[in-house]
Every structure is written in structure tokens, then in C-alpha cells.
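Secondary and tertiary structure notes
The lines below spell out each chain.
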Amino acid sequence: MHTTGEKITPATRTVTSIVGGQTLEDAPGGRTQSTNPAHTDEVVAEVRLGDAGTFVEACRAAWETQKGWAATPAPIRARVVKQIGWLVENNKEALSRLVTREIGKPYTESLGEVQEIIDTCDFFTGEGRRLYGQTIPSEMPDKQLFTFRVPVGVAAIITAGNFPVAVPSWYMVPALLCGNAIVWKPAEYSPAIADALAQLFINGGLPDGVLNIVQAEGRIAFDGLEKALDEGLVDKVGFTGSSEVGREIGALCGRHLQNPCLELGGKNPLVVMPDADLDLAAEGALFSGFGTAGQRCTSLGTVIVHGSIHDEFLSKLVQSVEEAKIGDPTEDVLYGPMIHERFHERFIGWLGLIKEHHTVHGSTGTGRITNDNPRKNFVGDPEAGLYCHPSIVDGVTMEDEIYGTETFGPIIGVAKFSDFDEAVELSNGHGYGLSAAIYTRDATNALRFRERNTAGMLSVNNSTSGAEAHLPFGGNGKSGNGGRLSGIWVLDQFTRWQAMNWDYAGKLQKAQMDIAETPADLDFRLPE
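In short, a report on the structure. Small disclaimer: the values here were computed from a predicted structure and weren't measured.

Moving on, we come to the packing of helix 2 (residues 74-90) against helix 6 (residues 191-203). Look at helix 2 against helix 6: their axes get within 8 Å of each other, and the N-to-C directions meet at 135 degrees. With respect to their mutual orientation, helix 2 and helix 6 come out oblique. Both helix 2 and helix 6 take part in a crossing whose hand is right-handed. Residues I84, L87 and V88 of helix 2 form the contact with helix 6, whose participating residues are L200, F201 and N203. Grouping the constituent residues of the contact of helix 2 with helix 6 by class yields five nonpolar, one polar and no charged.

Put into C-alpha cells, the structure is as follows:
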């Protein structure tokens, strides 16, 4: 560490790819830096980037070690998962501080994200003594039928950086438990976090080559994935990121007859019914829309509020947003900076979706927070980082571009509805299907909304964000291809069902043909 005035800044890390247990010293993809978005002059890591060949090399290393790892009994693999969980728990604060430093997530949220790794490890430790197959009765005598879960092989995992440790653990922990080897390509803007997480996993007891990490730019990694698939080195792809890139990965995998696990974007609605607790709904909208600066796939897109309570609800929401503290993520704030310059630039562009018929609330300005464009209740130095004003855009309709566009940042829309059918239409019409929420005291409203909304995850009187580690996570439509992470449901992503029949009759028995007759008089009728 070094000291600048009163501030103690951790030392800059050197980060590179890890392939087959070896830390690579070269940088065929060039060199780059990771900076702190809350203090953009602070370099977090110097990064040696790999290229497409590095990705292929990592896949080959995983392929060579996977069978040995799969041969390790599942309860023993689960012991490694338990040890990883222990290591993460023992390093919880250090890893959380690094998350805050490299992507600007408020420290309390970072602690919660790291806890999700621990919870995931806890859950899958038990699955190592299950991974149940089935015994199934045969239609013929002297014959037994069985099913077994078998690992898919090598999994290539590509993740975003807004949840740089929780989401990778959703993929990697169950994949490892099931006997797969992994090649992980983390986001380019969170390399130090990724390296730290990989070190914790590896030191938890993984053999060399079972987990490989490739630090590379996205397009370069895509080229490497294409080559690895062509060489038969990858059996499963998991991707968390934008719907646009997800389509490309889906098309690439489809050419190889593979079904990737795609966890993509969202435009998540929050419906406020006339009978709702408006204070609770405003609190939920505040966290859903502006927690993590709106940089979650499950962030609130549009509040859909009944016309009879629109003004009252909007007043409560505007007040809560205006009073919220924003700024330095090491302090007690609602949100900190944008994760990276690329997200800041995109967010500024999305402000162009605000039109003349909209009204904007929530802050003392729009766009980037600076000394010349200040924010009331800002904490820290706005010029030091990539901070943006929160924006509530009222008057949104289905015809507006902002209604159907995922705006990754601190901006939400507000739309009115007059009846339940219109609320459902507004909640589905954008084509995404990740998360949705409804605030109501009426169970009928809640149950009918569940039946008719197309999202993969629904909340009643709770925010659109806040997944628990043992529930299925995933979306439909433009939000994903139906795959689910977390809980027992993710096992279907990283295992394949193998069916076996064992005939001990001593003769060939043919299904559907050599079946015992069961005589019956189907013309029998009871007397009147």
C-alpha cells in the first residue's frame, strides 16, 4: 500500500491468465489497466491479456484434466466445494473491499455479494451426497431401468462484471461439483476481482487445470471460443451479459448442436395496484431501480402504477430518490459510480430517449454529477469518479423507445394503467422476461399476475432484485433461453441424463413387443 495525503491506497496488482495451474507470463493480447471508477486516477491492476490461442489452450488443459476430476467421487468433490466456501468466508472482507474498489459497488452490497458465494457453496456441499439418479420399473420381467447424472465435460463460462463474484459462483460451484472442468472468461473491467476469486477456488483444493481463467477482451475470447468448439474442446457454454451478445453466442453454439445457458438483460416491471402499500412500493422501487446504480440485469425498468394513485406514489418515490445519498461507495450510500467508462458513456446516450412529453424527477440535474452539475446529498468528490444523477422519467408509454430499451444505469420509467389487463400488457410488451414485481394486498391480483406475466422470476410486495442462492434464477424471451442457475435446477445445465437398462432374463426381450397380456372384458357393464 501507499499513502496519498490521509488516504491509504492498496498496491496495484499484476493480473494474468491461469492455464493448467500455471500463471502465464506473456501478454499475447496486449496489456491494459483496471481503474477504480470512484477514483479514476487510481490503478487497481495491470493486466496481461491473453488472445484466442490462450483461450483454446485453456480449453485443452481443461479437457485433459476433466476425466480425472469426474472420476473423483462426488462427495469428495463436495468437500472441495466446502473448502472453497470456508476460504471465501475467511476472506470475506478482503474480497468485498476489492469488489468495492474495482467496480464501485457500495461496501454493504459487496459484503452481500460475497455472502452469496458462501451460501452457494453451502448448498452444493450437500448436493455432493445426492446428485440422485433414479430406478424405474420395467414393463418386462427380469429387467431393471436406471438413470444417472453424468458431467457434460468442459464448461466455458463468460460473465459480466456487475456481479463479479456472485454470478461466476452460480456457474462454477455447481459445474465443479458435477465433475466438470472450467474455462472462465471474466469481464475485462473486473480482472483483479476475478483473479482473487480464482485464487480462492484453486487454493480450496482444485487440481491443476480443473479451473482455468483467461483474461481477454470479449471479441478475442469469442474467437477463441469458436476455435475451441471447432476442435471439440468445449461441451457447454454459460454466458451472462447483454441480449445482443447472447444471440451471437447462441448462434455459435447452435452450429455445434449445443444448448448454452444464457442469462441476459431485462426491462423489469414493477406494478403498483390501487390497494398497494405505497410507502413499501416506493421503497421497493428505490432499491430496484437505483441500487448498484441501476446496473443489474434485474434492475427496475418501468414502474406501472394505477392512475388513481399515480400522483401520490410518484410523490413518495421522488422524495425518497431526492433524499438518497449517492457517492463514495465506501460510505453509507444508495449507490456509487458507474462500473466503467463504457457504461457511463452508454448511460449518457440513453438519456436521449427522454422526450418532450416526459417529465424528469429525482435529482438536481441529469447525466454526470460534477461540481458544475451538482447533486444534493452527494457524498465525496464528484469529480473523482464516474457518478451519475438518478432520473425518474414519468409519462412513459408503450410507443416510447425507452419503454422497450434496457437502460443499464440509474434511470427508471413510470407508466400509468387503468385496469389489470392493461397492467399485464405493459409488464410483458417489451419482450424481456427476467424479473417482475407486483405490489398489492389482494391475493387474487398476485396470483393472476403470476399466471399472466412471462418473467422467469416474480416478486409480490418485494423488489425486482434480490435472488436467493437456492431458488432458480433465469429469464425468458430476450432475457434468456430458459436455462436456470442456482438451486437444484442448475444441475440440468452441467449434467446430462444417461439411461441404462439391465436385462438379466437370459434372452432378448423387445420393448413394446414382448409385453405380457392383461386379459379384460371391456364390454362388461353393471346391471341396471
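So, on to the pattern of salt bridges. Taken as a whole, this structure holds 14 salt bridges when the rule is applied. Its salt-bridge partner being R296, residue E109 comes within 3.5 Å of it at the nearest N-O pair. Linking E109 in helix 4 (residues 107-127) with R296 in the loop between helix 9 (278-290) and strand 16 (300-306), this pair joins segments that are 187 residues apart in sequence. For R296, a relative accessible area of 4% puts it in the buried group.

To continue, consider the packing of aromatic side chains. The relation between two aromatic rings is expressed through the spacing of the ring centres and the mutual angle of the planes. Enumeration over the complete set of coordinates arrives at six aromatic pairs. On the numbers, 4.9 Å between centres and 85 degrees between planes, the contact of F378 with Y387 is edge-to-face. By the burial criterion, F378 is buried, and Y387 matches it. Linked through ring pairs, Y189, F343 and F408 together constitute an aromatic cluster. Residue placement shows K105 over the ring face of F163; its charged tip is 3.6 Å from the ring centre.

Cut-offs and rules
- Residues numbered from 1 in each chain as written.
- Predicted model: local features only at pLDDT ≥ 70, side-chain atom pairs only at ≥ 80, totals over all residues.
- Heavy atoms only, no water.
- Axes fitted to C-alpha atoms, helices over the stretch in contact; angles between N-to-C directions.
- Helix = DSSP H or I, 4+ residues; strand = E, 2+ residues; numbered from the N terminus.
- Parallel < 35°, antiparallel > 145°, perpendicular 65-115°, else oblique.
- Left-handed = near helix turned anticlockwise from the far one by under 90°.
- Contact = heavy atoms within 4.5 Å.
- Nonpolar A, V, L, I, M, F, W, Y, C, P; charged D, E, K, R; others polar.
- Salt bridge = Lys/Arg side-chain N within 4 Å of Asp/Glu carboxyl O.
- Buried < 20%, exposed > 50% of the residue type's maximum accessible area, 1.4 Å probe, protein only.
- Phe/Tyr/Trp six-rings, centres within 6.5 Å; stacked < 30°, edge-to-face > 60°.
- Lys NZ or Arg CZ within 6 Å of the ring centre and 35° of its normal.

Read these as geometric descriptors, not functional statements.
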